Amino acid sequence: VQLQAFGGGLVQAGGFLRLSCAASGRSFSLYPMGWFRQAPGKEREFVAGITWNGGNILYADSVKGRFTISRDNAKNTVYLQMNSLKPEDTAVYYCAADTLHGQIKRVTNTGADEYDYWGQGTLVTVSS
């Protein structure tokens, strides 16, 4: 599986961005996907996850109500719509695939070590 994330950039606080992650390789529609982020000097943290068919979604408390994860299996792409951005959202954002758990019904895999394929990351900078 190869993942390529893009859509990051510089935005003012209160603004929005939409990240995309294009997947190639093993059947995209068969496994859950996640978005993580890593700010300078901090550990990589879970942002949002979505099951193979989009039937269940989980968000970190810090982004709940502001971010929306979605996927289009026909396009092999997962998205992260980020609204009402805050300076503390500044980080490198990574998409990740969990090909080991397959067609789970609920998102429970919030640890980075539960995902086995990663995109290269895209930088999001939110200015105050």
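Please read these numbers as outputs of a predicted model, since none were measured by experiment.

### Comments concerning the nonpolar core
In step 1: Counting residues in each nonpolar core, the largest one holds 35 residues, and the members touching the most others are M33, W35, L80, M82 and Y93.
In step 2: When contributions to this core are tallied by element, the ones reaching two or more residues are β1 (2-6), β3 (17-24), β4 (33-38), β5 (45-50), β7 (67-72), β8 (77-82), β9 (91-97) and β11 (122-127).
In step 3: The dominant element in this core, judged by the number of residues it contributes, is β9, at 5 residues.

### Re the pairing of β9
Working note: regular strand, side chains alternate between the two faces of the sheet.
In step 1: The element β9 is largely enclosed, with a buried count of 6 among its 7 residues.
In step 2: Pairing geometry for β9 and β11, over 3 bridges, is antiparallel. Residue pairing for β11: Y93 is matched across the bridge by T122.
In step 3: Here β9 runs beside strand β10 (residues 117-118); their pairing, made up of 2 bridges, is antiparallel. Bridge pairing in β10 places A96 opposite W118.

### Topic: the pairing of β8
In step 1: Within β8, 5 of the 6 residues are buried, which leaves the element mostly enclosed by the surrounding structure.
In step 2: As judged from the 6 bridges shared by β7 and β8, these two strands associate in the antiparallel manner. Counted as the bridge partner of D72 is T77 from β8.

### Details of the environment of T108
In step 1: Along the chain, T108 falls in the loop between β9 and β10.
In step 2: Taking the C-alpha atoms as reference, T108 lies 9.5 Å from T51; in sequence the two are 57 residues apart.

### Considerations on the sheet that holds β1
In step 1: If you walk across this open sheet you meet the 4 strands as β1-β3-β8-β7, and the pairing is antiparallel. One side of each edge strand has no neighbouring strand; the edge strands of this open sheet are β1 and β7. Neighbour-to-neighbour, the strand axes of this sheet turn through a mean angle of 15 degrees, independent of strand direction.
In step 2: Where β1 meets β3, 5 bridges bridge the pair, whose relative direction is antiparallel. Note on β3: the bridge partner recorded for F6 is S20.

About the thresholds
Just so you know, the residues in each chain are numbered from 1, in the order the chain's sequence is written. Local features are withheld for residues below a pLDDT of 70 in this predicted model, meaning they are given only at 70 or higher, and side-chain atom pairs are given and counted only at 80 or more; totals for whole chains, interfaces and linings count all residues. Where side-chain values are given, they derive from all heavy atoms of the structure, hydrogens and water being excluded. Only buried residues count toward a nonpolar core. Its members are Ala, Val, Leu, Ile, Met, Phe, Trp, Tyr and Cys residues joined through side-chain atoms within 4.5 Å. Think of it in three bands: with a 1.4 Å probe and only protein chains considered, a residue is buried below 20% of the maximum accessible area for its type, exposed above 50%, and partly exposed in between. Per the convention used, a helix needs a DSSP run of H or I reaching at least four residues, while a strand needs a run of E reaching at least two, with both numbered from the N terminus. Two strands pair under a simple rule: DSSP has to find at least two bridges between them. Convention adopted: a line fitted to C-alpha atoms gives each axis, helices being fitted over their contacting stretch, and angles between N-to-C directions are expressed from 0 to 180 degrees.

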